[in-house]
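Structural overview
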Amino acid sequence: MDIKRVAIDAVNETIVMTVVHMDYKGQVAKRINEKMPLAQVKGFRKGAVPKDLVEKQYGKAIKQEEVKKVVDLALERYIQSERLNLLGTPLPKVNENLDWSAEELVFEFEIGLVPNFELDLDAKNDIVKYVVTADDKLIDGQVERIQKQFGNAIPQEVVVEGADLKGIFTNEAEGIGNTTTISLDVFKDKATADKFIGKKVGDVVTVNTQGLFQDDHQLMDYLKVSHDVVHTLAVDVDFTIEAITVSEPAELNQELFDKLFGEGKVASLEELKSKIKEDAESQFVQQADQKLLGDVTEFLIENTKFDLPAEFLKKWLQTVGEKKLTAEEAEVEYARSEKGLRFQLIEGKALSQNDIKITFEDLKAFTAKNIRIQMAQFGQTNPTDEEVEGIVARVLSNQDEVKRLSDQVVAEKLLELFKEKANPTTKEVTYEEFIAASYGE
(Lines give C-alpha, C1' and ligand atoms only; values in the text may rest on other atoms or scores of the structure.)
Protein backbone atom coordinates (compact mmCIF):
# COMPACT_ATOMS: atom_id res chain seq x y z
CA MET A 1 0.00 0.00 0.00
CA ASP A 2 1.16 3.50 -0.79
CA ILE A 3 -0.22 6.61 0.94
CA LYS A 4 0.70 10.20 0.16
CA ARG A 5 -0.65 13.68 0.64
CA VAL A 6 -1.12 16.19 -2.14
CA ALA A 7 -1.24 19.81 -0.96
CA ILE A 8 -3.83 22.05 -2.59
CA ASP A 9 -3.19 25.07 -0.35
CA ALA A 10 -2.29 25.72 3.29
CA VAL A 11 -5.57 24.30 4.64
CA ASN A 12 -6.69 21.83 1.95
CA GLU A 13 -5.05 18.55 0.98
CA THR A 14 -5.90 15.25 -0.67
CA ILE A 15 -4.82 11.91 0.75
CA VAL A 16 -4.14 9.47 -2.10
CA MET A 17 -4.14 5.79 -1.16
CA THR A 18 -3.08 3.02 -3.57
CA VAL A 19 -4.21 -0.44 -2.48
CA VAL A 20 -2.66 -3.53 -4.11
CA HIS A 21 -3.77 -7.17 -4.19
CA MET A 22 -1.40 -8.16 -1.38
CA ASP A 23 -3.17 -5.76 1.02
CA TYR A 24 -6.43 -7.67 1.05
CA LYS A 25 -6.10 -11.03 -0.74
CA GLY A 26 -5.56 -13.01 2.47
CA GLN A 27 -8.76 -11.76 4.09
CA VAL A 28 -10.74 -12.22 0.87
CA ALA A 29 -9.54 -15.83 0.55
CA LYS A 30 -10.44 -16.49 4.19
CA ARG A 31 -13.93 -15.05 3.69
CA ILE A 32 -14.46 -17.16 0.51
CA ASN A 33 -13.44 -20.33 2.39
CA GLU A 34 -15.82 -19.44 5.21
CA LYS A 35 -18.59 -18.89 2.68
CA MET A 36 -18.18 -22.22 0.85
CA PRO A 37 -19.98 -24.47 3.39
CA LEU A 38 -22.90 -22.05 3.41
CA ALA A 39 -23.11 -21.15 -0.28
CA GLN A 40 -26.26 -22.10 -2.15
CA VAL A 41 -26.20 -22.30 -5.96
CA LYS A 42 -28.93 -23.97 -8.02
CA GLY A 43 -27.88 -27.42 -9.15
CA PHE A 44 -25.49 -28.04 -6.23
CA ARG A 45 -25.99 -29.33 -2.73
CA LYS A 46 -25.37 -26.86 0.08
CA GLY A 47 -21.67 -27.02 0.91
CA ALA A 48 -20.74 -28.69 -2.38
CA VAL A 49 -20.58 -25.60 -4.60
CA PRO A 50 -17.26 -25.36 -6.51
CA LYS A 51 -14.96 -22.62 -5.27
CA ASP A 52 -14.88 -20.79 -8.62
CA LEU A 53 -18.68 -20.46 -8.54
CA VAL A 54 -18.59 -19.18 -4.94
CA GLU A 55 -15.97 -16.61 -5.97
CA LYS A 56 -18.07 -15.60 -8.99
CA GLN A 57 -21.23 -15.14 -6.91
CA TYR A 58 -19.81 -13.56 -3.75
CA GLY A 59 -16.25 -12.55 -4.57
CA LYS A 60 -16.82 -8.96 -5.69
CA ALA A 61 -18.93 -8.02 -2.67
CA ILE A 62 -16.46 -9.66 -0.28
CA LYS A 63 -13.54 -7.92 -1.99
CA GLN A 64 -15.24 -4.53 -1.69
CA GLU A 65 -15.98 -5.09 2.00
CA GLU A 66 -12.40 -6.14 2.80
CA VAL A 67 -10.84 -3.34 0.77
CA LYS A 68 -13.04 -0.84 2.64
CA LYS A 69 -11.82 -2.26 5.97
CA VAL A 70 -8.20 -2.00 4.84
CA VAL A 71 -8.68 1.56 3.58
CA ASP A 72 -10.51 2.76 6.71
CA LEU A 73 -7.88 1.31 9.06
CA ALA A 74 -4.96 2.59 6.98
CA LEU A 75 -6.51 6.06 6.79
CA GLU A 76 -7.04 6.23 10.56
CA ARG A 77 -3.46 5.08 11.27
CA TYR A 78 -2.01 7.47 8.71
CA ILE A 79 -3.79 10.48 10.23
CA GLN A 80 -2.50 9.47 13.66
CA SER A 81 1.08 8.80 12.53
CA GLU A 82 1.26 12.07 10.58
CA ARG A 83 -0.35 13.90 13.50
CA LEU A 84 -2.73 15.68 11.18
CA ASN A 85 -4.85 18.32 12.88
CA LEU A 86 -8.09 18.13 10.94
CA LEU A 87 -11.26 20.16 10.73
CA GLY A 88 -14.14 17.80 10.13
CA THR A 89 -13.41 14.29 8.87
CA PRO A 90 -11.94 13.05 5.56
CA LEU A 91 -14.37 13.10 2.64
CA PRO A 92 -13.94 10.29 0.08
CA LYS A 93 -13.88 11.39 -3.53
CA VAL A 94 -16.45 9.42 -5.49
CA ASN A 95 -15.00 7.47 -8.43
CA GLU A 96 -17.85 6.10 -10.51
CA ASN A 97 -15.39 4.42 -12.92
CA LEU A 98 -13.34 2.49 -10.35
CA ASP A 99 -12.29 -0.85 -11.87
CA TRP A 100 -12.49 -3.36 -9.02
CA SER A 101 -10.66 -5.98 -11.10
CA ALA A 102 -7.53 -3.80 -11.42
CA GLU A 103 -4.30 -4.80 -9.66
CA GLU A 104 -4.08 -1.37 -8.07
CA LEU A 105 -7.07 0.43 -6.55
CA VAL A 106 -6.68 4.17 -5.96
CA PHE A 107 -8.76 6.01 -3.37
CA GLU A 108 -8.68 9.74 -2.65
CA PHE A 109 -9.87 11.66 0.41
CA GLU A 110 -10.29 15.39 0.79
CA ILE A 111 -9.15 16.80 4.14
CA GLY A 112 -9.37 20.23 5.74
CA LEU A 113 -6.51 21.26 8.02
CA VAL A 114 -6.47 23.46 11.10
CA PRO A 115 -4.74 26.67 9.95
CA ASN A 116 -1.34 27.59 11.32
CA PHE A 117 -1.35 31.10 12.78
CA GLU A 118 0.17 33.16 15.56
CA LEU A 119 -1.94 34.83 18.23
CA ASP A 120 -0.83 38.26 19.39
CA LEU A 121 -2.50 38.88 22.74
CA ASP A 122 -0.28 41.91 23.32
CA ALA A 123 -1.52 43.72 20.19
CA LYS A 124 -2.50 47.36 20.65
CA ASN A 125 -6.22 47.66 21.33
CA ASP A 126 -8.88 49.99 22.72
CA ILE A 127 -10.46 47.38 25.02
CA VAL A 128 -11.82 48.71 28.32
CA LYS A 129 -11.93 46.84 31.62
CA TYR A 130 -14.87 48.33 33.48
CA VAL A 131 -14.97 48.75 37.25
CA VAL A 132 -18.66 49.18 38.01
CA THR A 133 -19.67 51.07 41.14
CA ALA A 134 -23.02 51.24 42.89
CA ASP A 135 -23.94 54.93 43.07
CA ASP A 136 -26.46 56.57 45.41
CA LYS A 137 -29.22 56.40 42.81
CA LEU A 138 -28.88 52.61 42.46
CA ILE A 139 -28.59 52.06 46.22
CA ASP A 140 -31.60 54.26 47.03
CA GLY A 141 -33.59 52.44 44.34
CA GLN A 142 -32.72 49.10 45.89
CA VAL A 143 -33.80 50.33 49.33
CA GLU A 144 -37.15 51.34 47.83
CA ARG A 145 -37.51 47.93 46.19
CA ILE A 146 -36.80 46.20 49.52
CA GLN A 147 -39.42 48.33 51.26
CA LYS A 148 -41.88 47.53 48.48
CA GLN A 149 -41.12 43.80 48.50
CA PHE A 150 -41.64 43.48 52.26
CA GLY A 151 -44.49 45.99 52.48
CA ASN A 152 -48.22 45.39 52.39
CA ALA A 153 -49.84 44.82 48.97
CA ILE A 154 -53.11 46.77 48.64
CA PRO A 155 -55.42 45.64 45.76
CA GLN A 156 -56.42 48.30 43.20
CA GLU A 157 -59.25 48.60 40.70
CA VAL A 158 -57.14 50.23 37.99
CA VAL A 159 -53.44 50.62 37.24
CA VAL A 160 -51.89 53.75 38.76
CA GLU A 161 -48.34 55.10 38.98
CA GLY A 162 -46.19 52.81 41.16
CA ALA A 163 -48.55 49.82 40.83
CA ASP A 164 -47.41 46.20 40.63
CA LEU A 165 -49.08 43.99 38.05
CA LYS A 166 -49.43 40.23 38.06
CA GLY A 167 -50.15 38.76 34.65
CA ILE A 168 -48.99 36.63 31.77
CA PHE A 169 -46.82 37.55 28.78
CA THR A 170 -47.84 35.59 25.65
CA ASN A 171 -46.76 35.19 22.05
CA GLU A 172 -47.91 31.87 20.64
CA ALA A 173 -45.61 31.94 17.59
CA GLU A 174 -42.50 32.37 19.76
CA GLY A 175 -43.67 29.90 22.41
CA ILE A 176 -43.87 32.62 25.07
CA GLY A 177 -46.33 32.10 27.90
CA ASN A 178 -44.97 33.20 31.28
CA THR A 179 -46.81 34.38 34.38
CA THR A 180 -44.89 37.05 36.26
CA THR A 181 -45.18 40.16 38.40
CA ILE A 182 -43.91 43.50 37.08
CA SER A 183 -43.74 47.07 38.29
CA LEU A 184 -44.09 49.90 35.80
CA ASP A 185 -40.58 51.19 36.52
CA VAL A 186 -38.99 48.09 34.93
CA PHE A 187 -39.79 49.38 31.46
CA LYS A 188 -37.10 51.31 29.63
CA ASP A 189 -39.45 53.94 28.20
CA LYS A 190 -42.10 55.86 30.13
CA ALA A 191 -44.32 55.64 27.04
CA THR A 192 -44.47 51.87 27.55
CA ALA A 193 -45.41 52.24 31.22
CA ASP A 194 -48.09 54.79 30.30
CA LYS A 195 -49.86 52.15 28.16
CA PHE A 196 -50.83 50.38 31.40
CA ILE A 197 -52.18 53.40 33.31
CA GLY A 198 -55.94 53.13 33.78
CA LYS A 199 -56.14 49.48 32.71
CA LYS A 200 -58.15 46.94 34.72
CA VAL A 201 -57.89 43.24 35.56
CA GLY A 202 -58.54 41.25 32.39
CA ASP A 203 -57.29 43.98 30.07
CA VAL A 204 -54.56 43.12 27.54
CA VAL A 205 -51.65 45.46 26.76
CA THR A 206 -49.41 44.77 23.75
CA VAL A 207 -45.73 45.75 23.88
CA ASN A 208 -42.69 44.98 21.73
CA THR A 209 -39.77 43.07 23.20
CA GLN A 210 -37.08 45.18 21.50
CA GLY A 211 -35.76 47.67 24.06
CA LEU A 212 -38.58 46.76 26.45
CA PHE A 213 -36.40 46.73 29.58
CA GLN A 214 -33.30 48.60 30.73
CA ASP A 215 -31.30 45.39 30.29
CA ASP A 216 -32.15 42.95 27.49
CA HIS A 217 -31.32 40.08 29.84
CA GLN A 218 -34.48 40.90 31.81
CA LEU A 219 -36.40 39.21 28.98
CA MET A 220 -35.03 35.95 30.36
CA ASP A 221 -36.64 36.69 33.76
CA TYR A 222 -39.99 38.11 32.67
CA LEU A 223 -40.62 36.19 29.41
CA LYS A 224 -38.46 33.08 30.04
CA VAL A 225 -36.75 33.27 26.67
CA SER A 226 -33.25 31.89 26.11
CA HIS A 227 -30.08 33.96 26.27
CA ASP A 228 -29.47 33.20 22.60
CA VAL A 229 -32.28 35.53 21.51
CA VAL A 230 -32.43 38.30 24.13
CA HIS A 231 -30.38 40.80 22.11
CA THR A 232 -32.23 40.29 18.83
CA LEU A 233 -35.81 39.38 19.78
CA ALA A 234 -38.22 41.96 18.34
CA VAL A 235 -41.79 40.68 18.53
CA ASP A 236 -45.08 41.89 19.99
CA VAL A 237 -46.18 40.22 23.22
CA ASP A 238 -49.51 40.52 25.00
CA PHE A 239 -49.63 41.11 28.75
CA THR A 240 -52.93 40.02 30.27
CA ILE A 241 -53.47 41.69 33.66
CA GLU A 242 -54.53 39.26 36.42
CA ALA A 243 -54.04 41.42 39.54
CA ILE A 244 -53.19 45.03 40.41
CA THR A 245 -51.65 46.09 43.74
CA VAL A 246 -49.91 49.06 45.31
CA SER A 247 -47.36 48.42 48.02
CA GLU A 248 -47.36 50.19 51.36
CA PRO A 249 -43.58 50.45 52.02
CA ALA A 250 -42.18 48.43 54.88
CA GLU A 251 -40.65 50.37 57.75
CA LEU A 252 -36.84 50.41 57.82
CA ASN A 253 -36.35 48.92 61.26
CA GLN A 254 -34.35 46.19 62.98
CA GLU A 255 -37.03 43.58 62.31
CA LEU A 256 -36.64 44.14 58.56
CA PHE A 257 -32.84 44.21 58.74
CA ASP A 258 -32.80 40.88 60.63
CA LYS A 259 -35.21 39.37 58.13
CA LEU A 260 -32.93 40.38 55.26
CA PHE A 261 -29.49 39.54 56.61
CA GLY A 262 -29.82 37.60 59.86
CA GLU A 263 -30.05 38.76 63.43
CA GLY A 264 -27.83 41.69 64.33
CA LYS A 265 -25.78 41.76 61.11
CA VAL A 266 -27.22 45.11 59.94
CA ALA A 267 -28.36 47.69 62.50
CA SER A 268 -28.99 50.93 60.59
CA LEU A 269 -29.95 52.42 57.24
CA GLU A 270 -26.30 53.33 56.64
CA GLU A 271 -25.24 49.72 57.22
CA LEU A 272 -28.06 48.52 54.94
CA LYS A 273 -26.83 50.78 52.16
CA SER A 274 -23.26 49.64 52.72
CA LYS A 275 -24.37 46.00 52.44
CA ILE A 276 -26.35 46.72 49.26
CA LYS A 277 -23.31 48.46 47.74
CA GLU A 278 -21.02 45.54 48.65
CA ASP A 279 -23.37 42.89 47.24
CA ALA A 280 -24.14 44.86 44.07
CA GLU A 281 -20.51 45.58 43.25
CA SER A 282 -19.65 41.92 43.78
CA GLN A 283 -22.24 41.02 41.11
CA PHE A 284 -21.00 43.81 38.85
CA VAL A 285 -17.51 42.27 38.84
CA GLN A 286 -18.92 39.14 37.19
CA GLN A 287 -20.85 41.17 34.59
CA ALA A 288 -17.81 43.34 33.83
CA ASP A 289 -15.64 40.24 33.47
CA GLN A 290 -18.09 38.74 31.00
CA LYS A 291 -18.06 41.95 28.95
CA LEU A 292 -14.26 42.01 28.99
CA LEU A 293 -14.12 38.39 27.83
CA GLY A 294 -16.60 39.15 25.06
CA ASP A 295 -14.77 42.31 23.97
CA VAL A 296 -11.38 40.59 23.84
CA THR A 297 -12.96 37.69 21.95
CA GLU A 298 -14.42 40.05 19.34
CA PHE A 299 -11.09 41.87 19.02
CA LEU A 300 -9.16 38.64 18.49
CA ILE A 301 -11.63 37.27 15.94
CA GLU A 302 -11.52 40.55 14.02
CA ASN A 303 -7.73 40.97 14.13
CA THR A 304 -6.41 37.40 13.95
CA LYS A 305 -6.33 36.58 10.27
CA PHE A 306 -6.22 33.02 8.95
CA ASP A 307 -7.83 31.02 6.18
CA LEU A 308 -10.30 28.21 6.77
CA PRO A 309 -11.00 25.32 4.37
CA ALA A 310 -14.41 26.86 3.75
CA GLU A 311 -15.50 24.89 0.68
CA PHE A 312 -14.39 21.62 2.26
CA LEU A 313 -16.30 22.40 5.46
CA LYS A 314 -19.46 23.25 3.51
CA LYS A 315 -19.28 19.87 1.76
CA TRP A 316 -18.54 18.14 5.06
CA LEU A 317 -21.56 19.80 6.70
CA GLN A 318 -23.77 18.12 4.10
CA THR A 319 -22.66 14.68 5.29
CA VAL A 320 -22.95 14.97 9.09
CA GLY A 321 -26.00 14.91 11.31
CA GLU A 322 -29.17 12.88 11.15
CA LYS A 323 -30.65 15.16 8.49
CA LYS A 324 -28.44 15.58 5.45
CA LEU A 325 -28.15 19.20 4.34
CA THR A 326 -28.48 20.55 0.83
CA ALA A 327 -25.65 22.68 -0.56
CA GLU A 328 -27.74 25.80 0.14
CA GLU A 329 -28.48 24.71 3.73
CA ALA A 330 -24.80 23.92 4.32
CA GLU A 331 -23.88 27.39 3.06
CA VAL A 332 -26.22 28.95 5.62
CA GLU A 333 -24.98 26.68 8.42
CA TYR A 334 -21.36 27.49 7.66
CA ALA A 335 -22.06 31.23 7.71
CA ARG A 336 -23.81 30.81 11.07
CA SER A 337 -21.02 28.76 12.67
CA GLU A 338 -17.87 30.27 11.12
CA LYS A 339 -17.36 32.88 13.84
CA GLY A 340 -17.70 30.28 16.59
CA LEU A 341 -15.22 28.01 14.82
CA ARG A 342 -12.73 30.84 14.49
CA PHE A 343 -12.94 31.60 18.20
CA GLN A 344 -12.65 27.90 19.05
CA LEU A 345 -9.35 27.82 17.15
CA ILE A 346 -8.19 31.09 18.74
CA GLU A 347 -9.12 29.73 22.17
CA GLY A 348 -7.10 26.57 21.59
CA LYS A 349 -4.14 28.61 20.35
CA ALA A 350 -4.29 30.90 23.40
CA LEU A 351 -4.23 27.91 25.74
CA SER A 352 -1.42 26.05 23.94
CA GLN A 353 0.66 29.15 23.23
CA ASN A 354 0.63 30.00 26.96
CA ASP A 355 0.97 26.39 28.13
CA ILE A 356 -2.39 26.46 29.93
CA LYS A 357 -3.83 23.03 30.68
CA ILE A 358 -7.15 22.12 32.24
CA THR A 359 -6.73 19.28 34.75
CA PHE A 360 -9.35 17.24 36.55
CA GLU A 361 -8.15 18.84 39.79
CA ASP A 362 -8.92 22.26 38.27
CA LEU A 363 -12.41 21.02 37.44
CA LYS A 364 -12.97 19.63 40.96
CA ALA A 365 -11.77 22.85 42.62
CA PHE A 366 -13.96 25.01 40.38
CA THR A 367 -17.00 22.81 41.02
CA ALA A 368 -16.39 22.82 44.78
CA LYS A 369 -16.13 26.64 44.81
CA ASN A 370 -19.43 26.99 42.95
CA ILE A 371 -21.15 24.51 45.25
CA ARG A 372 -20.01 26.39 48.35
CA ILE A 373 -21.35 29.65 46.86
CA GLN A 374 -24.70 28.04 46.07
CA MET A 375 -24.94 26.48 49.54
CA ALA A 376 -24.18 29.85 51.16
CA GLN A 377 -27.07 31.40 49.22
CA PHE A 378 -29.39 28.93 50.95
CA GLY A 379 -27.93 29.61 54.40
CA GLN A 380 -25.43 26.73 54.55
CA THR A 381 -22.36 28.85 55.21
CA ASN A 382 -20.08 26.21 56.71
CA PRO A 383 -20.50 22.86 54.92
CA THR A 384 -17.90 20.22 55.69
CA ASP A 385 -15.29 19.24 53.11
CA GLU A 386 -16.83 15.76 53.07
CA GLU A 387 -20.27 17.15 52.19
CA VAL A 388 -18.88 19.28 49.37
CA GLU A 389 -16.71 16.48 48.00
CA GLY A 390 -19.72 14.16 47.89
CA ILE A 391 -21.73 16.69 45.87
CA VAL A 392 -18.73 17.31 43.57
CA ALA A 393 -18.45 13.58 42.88
CA ARG A 394 -22.14 13.34 41.96
CA VAL A 395 -22.01 16.40 39.70
CA LEU A 396 -18.89 15.21 37.87
CA SER A 397 -20.39 11.77 37.25
CA ASN A 398 -22.64 13.47 34.68
CA GLN A 399 -20.75 13.95 31.41
CA ASP A 400 -22.97 16.85 30.32
CA GLU A 401 -22.10 18.65 33.55
CA VAL A 402 -18.41 17.87 33.05
CA LYS A 403 -18.55 19.48 29.60
CA ARG A 404 -20.45 22.53 30.84
CA LEU A 405 -18.15 23.08 33.82
CA SER A 406 -15.03 22.46 31.73
CA ASP A 407 -16.13 25.24 29.38
CA GLN A 408 -16.52 27.54 32.39
CA VAL A 409 -13.05 26.66 33.69
CA VAL A 410 -11.56 27.41 30.26
CA ALA A 411 -13.41 30.75 30.17
CA GLU A 412 -12.10 31.61 33.64
CA LYS A 413 -8.50 30.82 32.68
CA LEU A 414 -8.82 32.74 29.41
CA LEU A 415 -10.21 35.74 31.29
CA GLU A 416 -7.20 35.81 33.61
CA LEU A 417 -4.88 35.44 30.62
CA PHE A 418 -6.61 38.25 28.73
CA LYS A 419 -6.47 40.55 31.77
CA GLU A 420 -2.73 39.96 31.97
CA LYS A 421 -1.81 40.01 28.27
CA ALA A 422 -4.34 42.29 26.58
CA ASN A 423 -3.58 45.14 29.00
CA PRO A 424 -7.05 46.75 28.78
CA THR A 425 -7.68 50.31 29.92
CA THR A 426 -9.42 50.43 33.31
CA LYS A 427 -12.44 52.71 33.59
CA GLU A 428 -14.70 53.28 36.60
CA VAL A 429 -18.38 53.71 35.75
CA THR A 430 -21.83 53.57 37.32
CA TYR A 431 -24.09 50.65 36.49
CA GLU A 432 -26.18 52.82 34.16
CA GLU A 433 -23.04 53.88 32.30
CA PHE A 434 -21.94 50.24 32.11
CA ILE A 435 -25.28 49.18 30.60
CA ALA A 436 -25.02 52.01 28.06
CA ALA A 437 -21.49 50.89 27.13
CA SER A 438 -22.60 47.26 26.89
CA TYR A 439 -25.64 47.76 24.69
CA GLY A 440 -24.83 50.99 22.87
CA GLU A 441 -27.56 52.99 24.51
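Residues numbered from 1 in each chain as written. Predicted model: local features only at pLDDT ≥ 70, side-chain atom pairs only at ≥ 80, totals over all residues. Heavy atoms only, no water.

1. Things to note about the pattern of salt bridges
- For the structure shown, the criterion picks out 30 salt bridges.
- Close ionic contact of aspartate 279 with lysine 275 constitutes a salt bridge, the shortest N to O distance being 3.7 Å. Pair noted here: aspartate 279 and lysine 275 are both in helix H7 (residues 269-303), with a separation of 4 residues, about one helical turn.
- You can call aspartate 279 partly exposed: its relative accessible area is 30%.
- Salt bridges here are not isolated pairs; linked through shared partners, they connect Arg31, Glu65, Glu66 and Lys69. (Salt bridge = Lys/Arg side-chain N within 4 Å of Asp/Glu carboxyl O. Helix = DSSP H or I, 4+ residues; strand = E, 2+ residues; numbered from the N terminus. Buried < 20%, exposed > 50% of the residue type's maximum accessible area, 1.4 Å probe, protein only.)

2. Details of the side chain of lysine 63
- Within the secondary structure layout, lysine 63 lies in helix H2 (residues 51-81).
- Buried charge without a partner: lysine 63 forms no salt bridge, and the closest opposite charge is aspartate 99, 7.3 Å away.
- Here lysine 63 is in contact with Tyr24, Val28, Trp100, Ser101, Ala102 and Leu105, once residues within four sequence places are set aside. (Lys, Arg positive; Asp, Glu negative; His and termini not counted. Contact = heavy atoms within 4.5 Å.)

3. Examining helix H8 (residues 310-317)
- Phe312, Leu313, Lys314 and Leu317 are the residues of H8 that are buried.
- Where H8 is buried, its residues contact strand E2 (12-20), strand E3 (86-92), strand E4 (104-113) and helix H9 (327-353).

4. Some remarks on the packing of helix H10 (residues 360-377) against helix H12 (residues 399-421)
- One way to put it is that H10 packs onto H12 with a least axis distance of 10 Å and a crossing angle of 95°. With respect to their mutual orientation, H10 and H12 come out roughly perpendicular. Of the residues in H12, those touching H10 at Asp362, Leu363, Phe366, Thr367, Lys369 and Asn370 are Val402, Leu405, Ser406, Gln408, Val409, Glu412 and Lys413.
- For the contact of H10 with H12, a count of residues per class yields 5 nonpolar, 4 polar and 4 charged. (Axes fitted to C-alpha atoms, helices over the stretch in contact; angles between N-to-C directions. Parallel < 35°, antiparallel > 145°, perpendicular 65-115°, else oblique. Nonpolar A, V, L, I, M, F, W, Y, C, P; charged D, E, K, R; others polar.)

5. Description of the side chain of lysine 314
- Here lysine 314 lies in helix H8.
- In this structure the side chain of lysine 314 is engaged in a polar contact, spanning 2.9 Å, whose partner is the side chain of glutamate 331.
- Setting aside chain neighbours within four positions, we find lysine 314 in contact with Ala330, Glu331 and Tyr334. (Polar contact = N/O pair within 3.5 Å; in protein donor to acceptor, adjacent residues only side chain to side chain.)

6. Here we look at the nonpolar core
- Judged by nonpolar contacts, the single largest core of 30 residues is most densely connected at Leu300, Leu308, Leu345, Ile346, Leu414 and Phe418.
- Of all the elements in the fold, those that place two or more residues in this core are E3, H7, H8, H9 and H12.
- At 8 residues, H9 tops the list of elements feeding residues into this core.
- Contact partners of isoleucine 346, with chain neighbours within four places excluded, come to Phe117, Leu119, Leu300, Ile301, Thr304 and Phe306.
- Formed by 26 residues, the second largest nonpolar core is a distinct cluster that contains Val159, Ile182, Val235 and Ile241. (Core = buried A, V, L, I, M, F, W, Y, C linked by side-chain atoms within 4.5 Å.)

7. Brief notes about the packing of aromatic side chains
- In the structure shown here, the tally under the stated rule is 10 aromatic pairs.
- Aromatic side chains phenylalanine 284 and tyrosine 431 sit 4.6 Å apart centroid to centroid with 10° between the ring planes, which places their arrangement in the stacked category. Remark: tyrosine 431 occurs in helix H13 (residues 431-439) and phenylalanine 284 occurs in helix H7; sequence separation between them is 147 residues.
- Through pairs of rings, three or more aromatic residues link up here, namely Phe169, Phe187, Phe196, Phe213, Tyr222 and Phe239.
- When the ring centre of tyrosine 58 is taken as origin, the NZ or CZ atom of lysine 35, which lies over that ring, is 4.7 Å away.
- The ring of phenylalanine 306 carries the charged tip of arginine 342 above its face, separated from the ring centre by 4.9 Å. (Phe/Tyr/Trp six-rings, centres within 6.5 Å; stacked < 30°, edge-to-face > 60°. Lys NZ or Arg CZ within 6 Å of the ring centre and 35° of its normal.)

8. Focus: unusual backbone geometry
- Of note, the phi angle at lysine 224 is positive, near 60°, even though the residue is not glycine.
- Relative to the elements of secondary structure, lysine 224 occurs in the loop between helix H5 (218-222) and strand E10 (236-248).

9. What to know about the sheet that holds strand E1 (residues 2-9)
- Read from one edge of the open sheet, 4 strands run E1-E2-E4-E3, paired in antiparallel fashion. Lying at the two open borders of the sheet, with one neighbouring strand each, are E1 and E3. Within this sheet the neighbouring strands show an average axis-to-axis angle of 20°, counted without direction.
- Across 4 bridges, E3 lies against E4 in antiparallel orientation. Its bridge partner being in E4, leucine 87 is matched across the sheet by glycine 112. (Pairing = 2+ DSSP bridges.)

Scope: geometric values only; no functional claims are made or implied.
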